[in-house]
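# Observations on the model geometry
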Amino acid sequence: MGTANRFKLFSIRGGVHPQDRKQLSADQAIESLPLPPLLHIPLQQHIGAPAEPLVRRGDQVKKGALLARSQGAISAPVHAPTSGRIMGIGGYPAHHASGLSVRTITLKPDGRDEWIDNLDPVADPFSLEPDEIARRVAEAGIVGMGGATFPSAVKLNLRRRYSLHTLVINGAECEPYLTCDDRLMRERSDAVLDGVRLMAHGLGVDRVLFAIEDNKPAAQLAMRSAAANHPAVTVVGLPTRYPMGSEKHLVQALTGKETPARGLTADIGIVVHNVATALAVHEALREGRPLISRVMTVSGAAIRTPRNLLVPLGTPLSHLIDYCGGFSQEPSRLISGGPMMGQPLPSTRVPVVKGSNGLLALTDEEIQAGREMPCIRCASCVQACPCGLVPLEMAAHIRAGSLDSSVKLGLLDCIACGSCAYVCPSHIPLAHCFNFAKGELAARQRTQHKQGETKRLAEARSLRMEAAKQAKRAAMLKRKQEQAAQKAPAAEVVSSEAQT
């Protein structure tokens, strides 16, 4: 088994060193959060098409029951986090900065927490074919739990299209404050490693690199101990630098290989999965359990008692805050995820979803938000950008309304890590600017697609109408010919009689 001092690491450009503030919750063991009075379970907790509900108001369901099935190739099903009664299906505020409503199933727990009868654990998952592993992972509703929420089965099936050789497990957890993956590696190291090995088996690779930042020595020790008898798994210590957990930069640091622009790490034979995803795979295959809960960190100076909690999906964030003793002071900002890439939250009513790895309540002192000033062209953002972009130029083009020019400068290669905004002495919200521009581009593409589709449908309608006219003309001509053919013999008879 490899170790940090025997494994060669490669340098990556840019990055920053924010205060990690992990000490607030790093020593807090994972606690199970009691059930709230109501669970609000969104049908869209993943990238792709929303799940289609299979239940109706008034239905009684058990823990783990299928509430909504996946739709299409990129989708994921949704399961009941506990037993209880379906109160309704309708709009509820999304776990998103917009606060817009999304279709949501509301479940009232009955307190019995009774599992379904048809759990289907596998005694020896390593005896399963890769396709069967992917199928079970899909049916369990597992998605990337580091925040990307891409359906995990789709990644496992990449072996069909790419020549894969390495699985990378992302245990960097480079965002400040967050410690949920750290605690999982410390407390559930054997289960995490089992999930890792099962994913490697499903991908058909014989090499695993398990990457953990050096500010988590206890996690490194626990995972090295768990992997001691598995030579295919190498636990690698990474330098503590943000955004080391970015998928493409993590791969570059471990292998020296650069992922093609706008490509996948699979293009160079590598697939990346998160620590929590590995645990979910273990539970799905070994215990037959779908993804119905997750561990997340509740932290920030405005939280009275920061904790790491095992939370049922659909739990309102207010319930987590109350369990942690409430606010010690009114927070200046609520964030889902980490402070660098996390999303500001509109309220504490929104529910926990599969991609929720943290809830932060930050004070003015932690945010240190200064007044925005003009760019002084110091190029600090250029030095910090891990993607080698020129943020100050991109921002200038975006503000001038020239989105096409910003794309040529690399806007679509931006990973929205926020390093540029973090170092900007003028406090320019560069990351927000780029996210806005990407949203505008996406809206423009949707409009163009809609216009193109409308044009295609109109042309298809014109062709159908023209074909119908031609068919009608042909039918009329045929009838006339038939009528003429029928009249011809009669005319010949009349003519013959007249001659006689």
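Residues numbered from 1 in each chain as written. Predicted model: local features only at pLDDT ≥ 70, side-chain atom pairs only at ≥ 80, totals over all residues. Heavy atoms only, no water.

### Digging into the overall build of the protein chain
Along the backbone of the protein chain there are 14 helices and 17 strands. Along the first, second and third principal axes, the C-alpha set of the protein chain runs to 120 × 65 × 50 Å. Out of the 500 residues belonging to the protein chain, those deemed buried represent 48%. Considering only residue pairs separated by 6 or more positions, the protein chain has 74% of its internal contacts joining residues 24 or more positions apart. A total of about 23900 Å² of accessible surface is found on the protein chain, and carbon and sulfur atoms cover 51% of it. (Helix = DSSP H or I, 4+ residues; strand = E, 2+ residues; numbered from the N terminus. Buried < 20%, exposed > 50% of the residue type's maximum accessible area, 1.4 Å probe, protein only. Contact = heavy atoms within 4.5 Å. Areas by Shrake-Rupley, 256 points an atom, 1.4 Å probe, with all protein chains shown as cover.)

### A closer look at the sheet that holds strand 2 (residues 39-42)
Spatially, 2-8-7-4 is the arrangement adopted by the four strands of the open sheet, whose pairing is antiparallel. Each edge of the open sheet is held by one strand with a lone partner, namely strand 2 and strand 4 (60-61). Summarising the sheet, strand 4 and strand 7 (residues 84-93) pair through two bridges and their orientation is antiparallel. Bridge pairing in strand 7 places Val61 opposite Gly84. (Pairing = 2+ DSSP bridges.)

### Notes on the nonpolar core
Counting 66 residues, the largest nonpolar core has Leu167, Phe210 and Leu320 as its most contacted members. Discounting residues that sit within four places of it in the chain, Leu320 has contacts with Leu33, Met296, Val298, Leu309, Val311, Thr315, Val352 and Leu359. Counting 18 residues, the second largest nonpolar core, distinct from the first, contains Ala395, Ile398, Ile428 and Leu441. (Core = buried A, V, L, I, M, F, W, Y, C linked by side-chain atoms within 4.5 Å.)

### Let's talk about the layout of surface pockets
In this structure, the second largest pocket encloses a volume near 550 Å³. Around the second largest pocket sit 26 residues that line it, and Glu283, Arg289, Ser293, Arg294 and Leu310 are the ones nearest its centre. The set of elements that each furnish at least two residues to the lining of the second largest pocket consists of strand 1 (30-32), helix 3 (180-187), helix 7 (275-286), strand 13 (293-299) and strand 14 (307-312). With four residues, helix 7 is the single largest residue contributor to the lining of the second largest pocket. Here the lining of the second largest pocket is built from residues that sort into 17 nonpolar, two polar and seven charged. (1 Å grid on protein atoms, 1.4 Å probe; cavity = no way out; pocket = protein on both sides within 12 Å on 5 of 7 lines; lining within 4 Å. Points joined across faces, edges and corners; volume = space filled by probe spheres on them. Nonpolar A, V, L, I, M, F, W, Y, C, P; charged D, E, K, R; others polar.)

### Observations regarding empty space enclosed by the protein
In this structure the tally under the stated criterion is one cavity of 30 Å³ or more. Of the voids in this model, the largest cavity is the one considered here, and its volume is about 90 Å³. What lines the largest cavity is a set of 14 residues, and nearest its centre among them are Cys385, Pro386, Cys414, Cys417 and Cys420. Elements with a minimum of two residues in the lining of the largest cavity: helix 11 (391-399), helix 13 (419-423) and helix 14 (430-499). Here the residues of the lining of the largest cavity are counted per class, giving twelve nonpolar, two polar and no charged.

### Overview of the side chain of Ser25
By secondary structure assignment, the location of Ser25 is in the segment before strand 1. Not counting the four nearest positions on each side in its chain, Ser25 is found in contact with Tyr177, Thr179, Thr297, Ser299, Pro306 and Asn308.

### A few points about the environment of Ile169
As for its position among the elements, Ile169 is in strand 9 (residues 166-171). Once you skip the residues sitting within four places of it in the chain, Ile169 turns out to touch Val196, Met199, Val208, Leu209, Phe210, Ala211, His273, Asn274 and Val275.

### Brief notes about the environment of Thr348
Relative to the helices and strands, Thr348 is located in the loop between strand 16 (343-344) and strand 17 (358-362). Overall, the relative accessible area of 24% leaves Thr348 in the partly exposed class. Sequence separation between Thr348 and His95 is 253 residues, and the spatial gap between their C-alpha atoms is 9.6 Å. Here Thr348 is in contact with Pro316, Leu317, Ser318, Ile321 and Leu334, once residues within four sequence places are set aside.

### Re helix 4 (residues 189-203)
Compared with the 21 Å implied by 1.5 Å per residue over 15 residues, the 21 Å span of helix 4 between its first and last C-alpha is a close match. Summarising burial for helix 4: twelve of the 15 residues are buried, a large majority. Within helix 4, burial applies to Ser189, Ala191, Val192, Leu193, Asp194, Gly195, Val196, Leu198, Met199, Ala200, Gly202 and Leu203. Looking one or two places after helix 4, you find Gly204, whose phi comes out positive at around 75°. (Expected span 1.5 Å × (residues − 1).)

### Description of the pairing of strand 15 (residues 333-336)
Examined bridge by bridge, strand 15 and strand 17 share four bridges and lie antiparallel to one another. Bridging across to strand 17, Ile335 finds its partner in Leu360. Across two bridges, the pairing between strand 15 and strand 16 is antiparallel. Residue pairing across strands places Ile335 opposite Pro344, the latter belonging to strand 16. Turn length for the strand 15-strand 16 hairpin, with the two strands adjacent in sequence and antiparallel, is six residues, and the turn residue Gly337 shows positive phi of about 100°.

### Here's the deal with the side chain of Thr297
Structurally, Thr297 can be placed in strand 13. Here Thr297 falls in the buried class, since its relative accessible area comes to 0%. For Thr297, the side chain forms a polar contact with the main-chain nitrogen of Thr179, separated by 3.0 Å. Residue contacts for Thr297: discarding those within four places in its chain leaves Ser25, Tyr177, Leu178, Thr179, Cys180, Arg307, Asn308, Asn357, Gly358 and Leu359. (Polar contact = N/O pair within 3.5 Å; in protein donor to acceptor, adjacent residues only side chain to side chain.)

### Some details on helix 3
Most of helix 3 is tucked away: six of the eight residues are buried. Residues of helix 3 that are buried: Cys180, Asp181, Asp182, Arg183, Leu184 and Met185.

### Some thoughts on the pattern of salt bridges
Oppositely charged side chains can form a pair if their charged atoms are brought close together. Going through the model one piece at a time under the given rule, you end up with 25 salt bridges. Between Asp110 and Arg112 there is a salt bridge, with the nearest N and O atoms lying 3.2 Å from each other. Under the relative-accessibility criterion, Asp110 is labelled partly exposed at 28%. Judged by its relative accessible area of 57%, Arg112 is exposed. Notably, a salt bridge pairs Asp120 with Arg136, separated by 3.1 Å at the nearest N-O pair. With a gap of 16 residues between them, Asp120 in the loop between strand 8 (101-109) and helix 1 (130-139) and Arg136 in helix 1 connect regions that are remote in the sequence. A relative accessible area of 42% means that Asp120 is categorised as partly exposed. Among the residues examined, Arg136 registers a relative accessible area of 15% and is labelled buried. (Salt bridge = Lys/Arg side-chain N within 4 Å of Asp/Glu carboxyl O.)

On their own, these measurements won't tell you what the molecule is for.
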